[in-house]
Number of protein chains: 2
Amino acid sequence: MVINKGVNSAVRMAKKERQRQLVKALEEDPFLTDEEMAKRCRVSIQTIRLDRMELGIPELRERIKHMAENNFDGVRSLSLEEVIGEVVDIQLDQSGISMLEIKKEHVFARNQIARGHYLFAQANSLAVAIVDAEVALTGSAGIRFVRPVRLGEKCLAFAKVITNGPSRLQINVQTKVNGEVVFQGVFDVYRTDEEGQ
Amino acid sequence: MVINKGVNSAVRMAKKERQRQLVKALEEDPFLTDEEMAKRCRVSIQTIRLDRMELGIPELRERIKHMAENNFDGVRSLSLEEVIGEVVDIQLDQSGISMLEIKKEHVFARNQIARGHYLFAQANSLAVAIVDAEVALTGSAGIRFVRPVRLGEKCLAFAKVITNGPSRLQINVQTKVNGEVVFQGVFDVYRTDEEGQ
DNA sequence: CCATATATTAATACCAAGTCCTAAATCAGT
DNA sequence: ACTGATTTAGGACTTGGTATTAATATATGG
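Residues numbered from 1 in each chain as written. Chains lettered and ligands numbered in written order. Predicted model: local features only at pLDDT ≥ 70, side-chain atom pairs only at ≥ 80, totals over all residues. Heavy atoms only, no water.

With an unreviewed UniProt entry as reference, chain A is termed Transcription factor FapR, source organism Paenactinomyces guangxiensis.

As structure tokens, then:
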């Protein structure tokens, strides 16, 4: 019996093992068709299909679709990144206010704290936006993350021009959550009609 | 004839307009089937197919597949999604290199110059990534955009730990394009097991 | 007004990569 | 030899198409 069980389990393992390989192979390359997998495992297509059923693995097209959908959501937030925060008010060459609500895509999954560069991006793009010029680019900046910002918090960035030269402005940006300063930065922004950064 | 041309162009516009809408609709939602689009445009499926042919738009499955493939390349870096750019090399608590290719979504449409916060994001996330801790957050930073970076350029960010304390590190990041420095920054990063920014 | 493009619709056969279902074959263990 | 699990096979149907051919507007040029 023990011996038989050995043989038995050898066969069972063949199945289990195949399914294990299936899962692994699809993790590595989700674009594999049942036909491909059947060839690889030297079994019939139907066997692979049964395996997928048992393992609850959707068909190729569904797998691909899911990946694409995830990606699409990502793309959405990428294009949203173009406009970091919503501009609430702007006085060209003087001041501006923008609002950014911290969402899932802005935070570290582990601790729900906003990634610094989103706060920077909000401040930076606001600073650039209030400059009255064809082209405005940040030259340098000094920034401080005063306290961590958490998921769901609404960041109000207040930008104020400190010094206003013909080709160079210094802009102070203070970001607050419920009146509490969470970020502070000074941006040196250059304006030109051609380039600079 | 002018009158006829008017009618003519009205019809032609119907087609052009429909194709314009098609492109737009698919940009907004690439998961639309021909059938759906046919209903929306109140034409036959065949017309939509012809339109796709003319416009060189691949079928639904191909579109989805492409998205999924792009995503898949990015899936590897999904765990690295924490980091903007692709990490090339990391020595924890010592140094790191990441690469970011400037694409359309990173530049100002007007002048094809990369928005500063992407360069910042690359540098910032690399700085945070090389810190060997449960949680690492940027406290402050001083940065300089040395020269503008253009569409298509590949930015290599080199991060190096300058001072390495138990709870605080100073990290210098220099970003280069073809050996030329384009960005330079010093990041104060805090490591904790709970929070801080 | 008729011929001639251009645009649209229809109809058919075919494909990939499946699902769902039924039935048969195989095989291992007792 | 029988039982139960496993594997194959087969056919019908599905989606979302391609490719091709043909018929039908529709519009404009002359």
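Asker: Can you lay out the overall build of chain A for me, pointing to particular residues and giving the numbers?
Answerer: When helices and strands are counted, chain A shows five helices and six strands. A burial count over chain A gives 42% of its 197 residues as buried. Expressed as a percentage of contacts within chain A between residues at least 6 apart in sequence, the contacts between residues at least 24 apart total 60%. Total accessible area on chain A stands at roughly 10800 Å², and carbon and sulfur atoms take up 52% of it. (Helix = DSSP H or I, 4+ residues; strand = E, 2+ residues; numbered from the N terminus. Buried < 20%, exposed > 50% of the residue type's maximum accessible area, 1.4 Å probe, protein only. Contact = heavy atoms within 4.5 Å. Areas by Shrake-Rupley, 256 points an atom, 1.4 Å probe, with all protein chains shown as cover.)

Asker: Give a description of the sheet that holds strand S6 (residues 180–192) of chain B that names residues and reports values.
Answerer: Pairing is antiparallel in the open sheet, where twelve strands are placed in the order S1(A)-S2(A)-S4(A)-S5(A)-S6(A)-S3(A)-S3(B)-S6(B)-S5(B)-S4(B)-S2(B)-S1(B). Edge positions in the sheet fall to strand S1 (86–91) of chain A together with strand S1 (86–91) of chain B, since each of these pairs with one other strand and no more. With direction set aside, neighbouring strand axes in the sheet form an average angle of 20°. Summarising the sheet, strand S2 (residues 95–101) of chain A and strand S4 (residues 154–164) of chain A pair through seven bridges and their orientation is antiparallel. Bridged to Leu-100 of chain A within S4 of chain A is Cys-155 of chain A. Sitting on the sheet, helix H5 (residues 116–129) of chain A is in contact with S1, S2, strand S3 (135–145), S4, strand S5 (168–177) and strand S6 (180–192) of chain A together with strand S3 (135–145) of chain B, with an inclination near 45° to S6 of chain A. (Pairing = 2+ DSSP bridges. Axes fitted to C-alpha atoms, helices over the stretch in contact; angles between N-to-C directions.)

Asker: Mind laying out the pairing of strand S4 (residues 154–164) of chain B, listing which residues take part and the relevant values?
Answerer: Pairing of S4 of chain B with strand S5 (residues 168–177) of chain B involves eight bridges; the strand directions are antiparallel. Bridging from a neighbouring strand, Asn-164 of chain B pairs with Leu-169 of chain B of S5 of chain B.

Asker: Summarise unusual backbone geometry; cite the residues concerned and give the values.
Answerer: All names here are of chain A. Its identity is not glycine, yet Gln-112 carries a phi of approximately 65°, on the positive side. Of note, Gln-112 is situated in the loop between S2 and H5. Exposure remark for Gln-112: the relative accessible area of 35% places this residue in the partly exposed category.

Asker: Can you explain the packing of H5 of chain A against helix H5 (residues 116–129) of chain B? Please cite residues and give values.
Answerer: Where H5 of chain A meets H5 of chain B, the closest approach of the two axes is 9 Å, and the angle between their N-to-C directions is 160°. Comparing the axis directions of H5 of chain A and H5 of chain B gives the class roughly antiparallel. The element H5 of chain A and its partner H5 of chain B pack so that their crossing is right-handed. Together, Gly-116, His-117, Phe-120, Ala-121, Asn-124 and Ser-125 of chain A of H5 of chain A and Gly-116, His-117, Phe-120, Ala-121, Asn-124 and Ser-125 of chain B of H5 of chain B make up the contact between the two elements. (Parallel < 35°, antiparallel > 145°, perpendicular 65-115°, else oblique. Left-handed = near helix turned anticlockwise from the far one by under 90°.)

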